[in-house]
Amino acid sequence: MIRLEDVVIEAPQPTRPRLLDGVTLEIRSDEYIVLCGPNGSGKSLLLKVLAGLLRPRGGVRIGPPAVGFLFQNPDDQIVGSTVARDVAFGLENEGVALPEMRVRVDGALADFALNGLATRAPHLLSDGEKQRLALASSHVLAPPLLLLDEPSARLDPLARTESQLRILEARRRGTTVVVATHRSEEIVIADRVIGLRDGRLVFDGTPDALVDSPEADALGILWTDLHRLWRELRRLGRGDPAGLAWNDTRPLLAGLAAS
Amino acid sequence: MSSGRQAPIVELRNVGWWSPSHPEHRALQAVDLTIRSGDRIGVVGRSGSGKTTLALILAGLLEPAEGTVTRAAPAGRLAVGVVFQEAEASFFEETVLEDVAFGPRNLGLPDPLERARAALARVGLDPDRVGGQAPETLSGGEARRAAIASILAADPAFVVFDEPTTGLDAEGVARLRTILAGLRDECRGYVLISHELELVVAETERVVVLHHGRPHWEGPSRSLGSGLPEPWPRADLGFREVSDAALAQGWLDDPSPTPRAVAAAIAPRLIR
């Protein structure tokens, strides 16, 4: 779907280190990829390269033209005069017929708990509500590729879970998803994790492989307490990866009860 | 709530706010809140519950539509500094260093550039590396740290942090906690608005829960250890189940153990 070959983005000042430095990467369709790395490691830039918004040096081959993109700041992409109009904007551009547009807009509003806010002016929304609006607008087009820059930032814990469900639904429909995040609960459900540091690709593997990798501690990941516990148990040699699934404490509790 | 330490810096009585164009939507109502020097207060609630509106009123950036706000600014000092949710919104100078120096310069504090350099170092940004950069070239997480530095450099008596962890990596969150601890040691209070319950429980004394613009619950932060009242989900349920099981077995003494402590307690007893 996308292939990057030795992609480079230079810093504005030539004496500074490169912002993206020799990134080679292939994204196949139907993958759910999480992009992690410390602040300033190049996650947002890489997403913009994948979206075709930035033209770096090096080889870039991008398959489908239709991309749903979520910017880090929702204010960067909200254009409608009301919440419903903003969600409809992309559909209008695509020439979707009005009856279908209504159905799809209503569906997206419901998906992101915005039904009660449909006629509200976006500037009167809270930050978390704006984030849900930007998410709804990027999902409503059902693009083959969704690129989401920290979708859960600004969301409260309930909205975070809901947004994750929507991403998993999109994935079931065959959407390729690339999500930048610092949160371990969003990392462990992906098929593949790409780790960036100082603009370089330093990890490319499964979430399971990441947990045991020495790179995991240098990627700025915010581990939940449960995931920290998993990592400690594996470090102590007591975690059996085959029996212990992320976020599933049942085998662990059964083991504790039996001991 | 009164801590009895000093005269209040800000006092809100029956405060409410709504947009003149949308009076039917009460963003905030019936808020009573007294903030004294050194208070550490958490504010939590779902998106749209009125948290940011409260922050803007505390800072004096929004006049309440009803109720009264009484302020007692310490002489010659900025009473309340706000670290905005939108870090980018607070930049307007050409370089990061000049931007951070703007506050102290505007307030007539001595050595504004030195203060700016110290504040950048305090948030973990190398003043020599980022000081000369244009603010818009910072990454999202770096911009947030620079915004915190801008407020620290202005030396306010009280700081309001509106979702300060948004976009921060693990090191950034750890550094924020160091900054909060530093403010506590200086007896400088803060309001911490956050969706991160663990952070709020650890770094504040009392919490106000807002729901649909109204105070919904108020009490000691520590009592939130077992989760917020409905509709809030319990944080990291799986970890709590395991640590509660280990506690019930008598393998742990600490009722809020770290993951490392739980792992050490249960690992020898687990069947491979």
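Here the structure is shown first, and the text comes after it.
Source: prediction; values computed, not measured. (Residues numbered from 1 in each chain as written. Chains lettered and ligands numbered in written order. Predicted model: local features only at pLDDT ≥ 70, side-chain atom pairs only at ≥ 80, totals over all residues. Heavy atoms only, no water.)

Would you mind showing me how to read the interface of chain B and chain A here?
Size of an interface: often given as the accessible area lost when the parts come together. The interface of chain B with chain A comprises 51 residues on the first partner and 50 residues on the second. Carbon and sulfur atoms make up 57% of the area that chain B and chain A hide from each other, which totals about 4300 Å². Linking chain B with chain A are four salt bridges. For Arg-260 of chain B, the salt bridge goes to Glu-232 of chain A, with nearest N and O atoms at 2.8 Å. Taken together, the connections running from chain B to chain A amount to 14 residue pairs in polar contact (both at pLDDT 80 or more). Those elements giving two or more residues to the side of chain B that touches chain A turn out to be helix H4 (127–130), helix H5 (140–153), helix H6 (170–185), helix H8 (237–248) and helix H9 (259–266) of chain B. Tallied by class, residues from the side of chain B that touches chain A come to 19 nonpolar, 17 polar and 15 charged. (Contact = heavy atoms within 4.5 Å. Buried area = accessible area lost by both parts, 1.4 Å probe. Salt bridge = Lys/Arg side-chain N within 4 Å of Asp/Glu carboxyl O. Polar contact = N/O pair within 3.5 Å; in protein donor to acceptor, adjacent residues only side chain to side chain. Helix = DSSP H or I, 4+ residues; strand = E, 2+ residues; numbered from the N terminus. Nonpolar A, V, L, I, M, F, W, Y, C, P; charged D, E, K, R; others polar.)

Any chance you could explain the packing of aromatic side chains here in plain terms?
Aromatic rings considered in pairs are described by the distance between their centres and by the relative angle of their planes. Following the criterion strictly, the structure yields three aromatic pairs over all chains and no others. The interplanar angle of 65 degrees and the centroid separation of 4.7 Å between the aromatic rings of Phe-69 of chain A and Phe-71 of chain A together place this pair among those described as edge-to-face. Here the aromatic rings of Phe-92 of chain B and Phe-102 of chain B are separated by 4.7 Å at their centres, their planes lie at 85 degrees, and the arrangement is edge-to-face. Taken together, the residues Phe-92 of chain B in the loop between strand E5 (80–83) and helix H2 (96–106) and Phe-102 of chain B in helix H2 connect sequence positions 10 residues apart. (Phe/Tyr/Trp six-rings, centres within 6.5 Å; stacked < 30°, edge-to-face > 60°.)

I would appreciate a short explanation of helix H8 (residues 225–235) of chain A in the present structure.
Of all 11 residues that make up H8 of chain A, nine are buried, and the element is covered over most of its length. Buried residues of H8 of chain A: Asp-225, Leu-226, His-227, Leu-229, Trp-230, Arg-231, Glu-232, Leu-233 and Arg-234 of chain A, and no others. In this structure, the buried residues of H8 of chain A make contact with helix H6 (184–187), helix H7 (207–212) and helix H9 (250–258) of chain A together with helix H7 (197–203), H8 and H9 of chain B. Where H8 of chain A terminates, the next one or two residues include Gly-237 of chain A, which has phi positive at roughly 80 degrees. (Buried < 20%, exposed > 50% of the residue type's maximum accessible area, 1.4 Å probe, protein only.)

Function-wise, these values are silent; they only describe arrangement.
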